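Coordinates in review
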Amino acid sequence: MSETGTGYRPVDKDYFDRRGLRRYAGVASLWALGVGAVISGHYSGWNLGLLAGGWGGFALAAVIVAVMYLCLVLCIAEMGAALPHTGGAYSFARAAMGPWGGFLTGLCENVEYVLTPAVVVSFLATYLSAVFETPPAWLPLYWIGCYALFVALNVWGVELSFKVTVIVTVAALGCLSLFWITALPVADFQRFALNIGAGPDGKPVELPEGGGPLLPFGLHGALAALPFAVWLFLAIEQLPLAAEESLDPRRDMPRGIIAALLTLFVSAALIVWLNPAVGPGSYKLASSGEPLLDGFRATTGGMLAKVLALVACIGLVSSFHTILFAKGRQIYSLSRAGYFPRFLSITHPRHKTPHVALLAGSAVALAIMFALWFGMGAESGSAAIQGMLLSMAVAGAMLSYLAQAVSFIVLRWKHPGLDRPYRSPLGIGGAIVTLALALLTLAYQLLDPVFVTGVLGVGVWFTIGIAWFAAVGRHRLVLAPEEAFALQAERSAAV
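Summarised in this report is the structure supplied together with it. Everything numeric here is computed off the predicted structure, so don't read it as measured data. (Residues numbered from 1 in each chain as written. Predicted model: local features only at pLDDT ≥ 70, side-chain atom pairs only at ≥ 80, totals over all residues. Heavy atoms only, no water.)

Here we take up the overall build of the protein. Counting its regular elements, the protein contains 18 helices and two strands. Considering the protein as a whole, with its 495 residues, one finds that 62% of them fall into the buried category. With an accessible surface of roughly 17,300 Å², the protein has 70% of that area assigned to carbon and sulfur atoms. Charge separation in the protein, taken as the distance between the mean sites of 29 positive and 26 negative side-chain charges, equals 9 Å. (Helix = DSSP H or I, 4+ residues; strand = E, 2+ residues; numbered from the N terminus. Buried < 20%, exposed > 50% of the residue type's maximum accessible area, 1.4 Å probe, protein only. Areas by Shrake-Rupley, 256 points an atom, 1.4 Å probe, with all protein chains shown as cover. Lys, Arg positive; Asp, Glu negative; His and termini not counted. Charge placed at Lys NZ, Arg CZ, Asp CG, Glu CD.)

Once that is clear, we can look at the nonpolar core. Tyr-43, Tyr-69, Tyr-147, Leu-292, Leu-389 and Met-398 are the most contacted members of the largest nonpolar core, which has 157 residues in total. Excluding anything up to four places from it in sequence, Tyr-69 contacts Val-230, Phe-233, Leu-234, Ile-236, Glu-237, Leu-261, Met-398 and Tyr-401. One finds Ala-37, Tyr-113, Ala-235 and Leu-241 within the second-largest nonpolar core, a separate group that totals six residues. (Core = buried A, V, L, I, M, F, W, Y, C linked by side-chain atoms within 4.5 Å. Contact = heavy atoms within 4.5 Å.)

Within the secondary structure layout, Ser-318 lies in helix 13 (residues 302–336). Using a relative accessible area of 0% as the deciding quantity, one classes Ser-318 as buried.

This paragraph deals with unusual backbone geometry. Here the amide bond leading from Gly-279 into Pro-280 is cis, since omega sits at 10 degrees, within 30 degrees of zero. Checked against the element boundaries, Pro-280 lands in the loop between helix 10 (249–274) and helix 11 (282–285). Positive phi is not limited to glycine here, since Ala-235 has a value of about 95 degrees. The topology assignment puts Ala-235 in the loop between helix 9 (226–229) and helix 10. Residue Ala-235 is classed as buried on the basis of its relative accessible area, which comes to 1%. For Lys-352, which is not a glycine, the phi torsion comes out positive at approximately 55 degrees. Of note, Lys-352 is situated in the loop between helix 13 and helix 14 (355–376). You can call Lys-352 partly exposed: its relative accessible area is 22%.

Quick look at the environment of Tyr-8 now. Tracing the chain through its elements places Tyr-8 in the segment before helix 1 (13–17). The exposure class assigned to Tyr-8 is partly exposed, which follows from its relative accessible area of 26%. Linking Tyr-8 and Gly-459, residues 451 residues apart in sequence, is a C-alpha distance of 28 Å. Beyond its immediate sequence surroundings of up to four residues, Tyr-8 is in contact with Arg-94, Leu-477, Val-478, Leu-479, Glu-483 and Leu-487.

Along the chain, the position of Leu-274 falls in helix 10. A residue is classified by how much of its surface remains accessible, and Leu-274, at 0% relative accessible area, is buried. Residue contacts for Leu-274: discarding those within four places in its chain leaves Phe-179, Trp-180, Ala-183, Leu-184 and Ala-187.

Attention now moves to helix 14. Between its terminal C-alpha atoms helix 14 stretches 31 Å, which fits the 32 Å expected from 22 residues at 1.5 Å a residue. If you check which residues of helix 14 are buried, you get His-355, Val-356, Ala-357, Leu-358, Gly-361, Ser-362, Ala-365, Leu-366, Met-369, Leu-372 and Trp-373. Looking one or two residues past helix 14, Gly-377 carries a phi angle of roughly 95 degrees, positive in sign. (Expected span 1.5 Å × (residues − 1).)

Summed over all chains, the structure comprises 21 aromatic pairs. Taking 4.7 Å as the distance between ring centres and 90 degrees as the angle between the ring planes, the aromatic pair formed by Trp-55 and Phe-189 counts as edge-to-face. Here Trp-55 is found in helix 3 (residues 50–82), whereas its partner Phe-189 is found in helix 7 (residues 189–193), with 134 residues between them in sequence. Relative accessible area serves as the criterion here: at 23%, Phe-189 is assigned to the partly exposed category. Their ring planes at 85 degrees and their centres at 6.4 Å tell us that Phe-103 and Phe-340 sit as a pair that is edge-to-face. With Phe-103 in helix 4 (residues 89–132) and Phe-340 in the loop between helix 13 and helix 14, this residue pair connects regions lying 237 residues apart in the sequence. (Phe/Tyr/Trp six-rings, centres within 6.5 Å; stacked < 30°, edge-to-face > 60°.)

Turning next to the pattern of salt bridges. Opposite charge on two side chains makes pairing possible when the charged atoms of those side chains draw close. Taken as a whole and judged by the stated rule, the model has 12 salt bridges. Two residues, Glu-245 and Arg-329, come together in a salt bridge whose shortest N-O distance is 2.7 Å. Of this pair, Glu-245 sits in the loop between helix 9 and helix 10 while Arg-329 sits in helix 13, placing them 84 residues apart in sequence. Residue class for Glu-245 comes out buried when judged on its relative accessible area of 0%. The residue Asp-419 makes a salt bridge to Arg-250 at a minimum N-O spacing of 2.2 Å. Linking Asp-419 in the loop between helix 15 (378–414) and helix 16 (427–445) with Arg-250 in helix 10, this pair joins segments that are 169 residues apart in sequence. (Salt bridge = Lys/Arg side-chain N within 4 Å of Asp/Glu carboxyl O.)

An α-helix turns once every 3.6 residues. As a result, residues three or four positions apart point the same way. In a regular helix each residue adds 1.5 Å, so 37 residues correspond to 54 Å; helix 15 covers 52 Å between its end C-alpha atoms and thus fits that length. The principal kink in helix 15, of about 35 degrees, is found at Ala-384. Within helix 15, 28 of the 37 residues are buried, which leaves the element mostly enclosed by the surrounding structure. (Bend = angle between axes of the 7 residues up to and from the residue.)

Where helix 6 (residues 158–183) contacts helix 10, the axes come no closer than 11 Å and their chain directions differ by 40 degrees. Looking at the two axes, helix 6 sits oblique to helix 10. Regarding helix 6 and helix 10, the two cross each other, and that crossing is left-handed. Taking contact as the criterion, the partners of Leu-173, Leu-176, Phe-179, Trp-180 and Ala-183 in helix 6 are, on helix 10, Thr-263, Ser-267, Leu-270, Ile-271 and Leu-274. Classifying every residue of the contact of helix 6 with helix 10 by side-chain character gives eight nonpolar, two polar and no charged. (Axes fitted to C-alpha atoms, helices over the stretch in contact; angles between N-to-C directions. Parallel < 35°, antiparallel > 145°, perpendicular 65-115°, else oblique. Left-handed = near helix turned anticlockwise from the far one by under 90°. Nonpolar A, V, L, I, M, F, W, Y, C, P; charged D, E, K, R; others polar.)

Describing two packed helices takes the angle between their axes plus the distance from one axis to the other. Where helix 3 meets helix 16, the closest approach of the two axes is 8 Å, and the angle between their N-to-C directions is 135 degrees. Between helix 3 and helix 16, the interaxial angle falls into the category oblique. The interaxial crossing formed by helix 3 with helix 16 has left-handed handedness. In contact with Ile-64, Val-67, Met-68, Cys-71, Leu-72 and Cys-75 of helix 3, helix 16 contributes Gly-430, Ala-431, Val-433, Thr-434, Leu-437 and Ala-438. Classifying every residue of the contact of helix 3 with helix 16 gives 10 nonpolar, two polar and no charged.

So, in structure tokens, the structure goes:
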């Protein structure tokens, strides 16, 4: 028993043999994993922030969030190369702050990676329903079908999973590029993007002729849009979860994640500029479940828009597939080390993929979606999935960013001699900026009634997780690679 109240159980060789992974990914695969995980946020979700700040307020929020992600990604690039374990954020925090720090950080990411695919598949179902003109009652069938298909693809093998990731990510970027090309000739920024104003009661109103103020709700509106702007970059931090399936994570992880972020900067800038600048404009776009489809309707119209919208689903498919990958590895890593029930980390005997973790995480997500759907009714339940669950995912992400920034600072301080193949050029200053902006975003979540409900939901998730770890998990830890590394680092620091 350690002084932190945790204990390690001995396991035989068969334990790790039944939990093996297979190396395959290079820089291109890691780049695709990073871009693919995020790209759905350029198709749907980000637009919900337009009513909070107007176009200018949202654009300012997007710049602030981009700075936060730049600082965070440079921290992750350094830690991911120095600690190349599947645990990702959990393993960083475990090495820096002990078992409890590792578990709580892992729990933050668990909220994000279980719920984000649920939000993405909800948007995907909305797109499919619009394309095929199916009734709202069919939406749950789309959810089940998508989960069944893409969990199967992820289970089938890491080679297939990464090949699909590269293909759908490139296709998703191609679809966005097609929209940007068709939007440029017809974009009317003043008329459409600036068609939100503040009414006498301070609430958003539509300006039929456009030409509204850049910041209709001032700086406060821009800050209120921060949680929505996160959707433009959410989940890029998942790359270190592929460390044990990367051919050379110490070299390739920093290259892959930085290249992915730069790609996303370009894509985010273009979609935020052009999507609101064509009909129906910012005001109506802000409540749309398929903003890119609305954009295609304005630029191409008719049946061609439907065909393009079907193609546009590839972006949502890309993120759904890649975040499912991350969810499986995240649950697998915490389970392999004993933080979650150990059976969840058993891998497929032939394909060497964490099939139990994938199935369990997907079952939890679907159960939550169906509980909201049937408990609140179709319309309200769908809104809760795309609103409350999105806010829970963002809250979990912000808390994990705080933990990762603290981990970076502690590792620099406690383990200055740690071999770091890549060093963040921003150093501790970048981690401090990440801390400040993540705290600011979290604070503005608490000022929004919809987001408050989501944050309370995260609190319930944490209560259940902490009760499990306090009563059971902390007494049944296993010396998984990240645990063994952390203990060795602690001994070295004590010498």
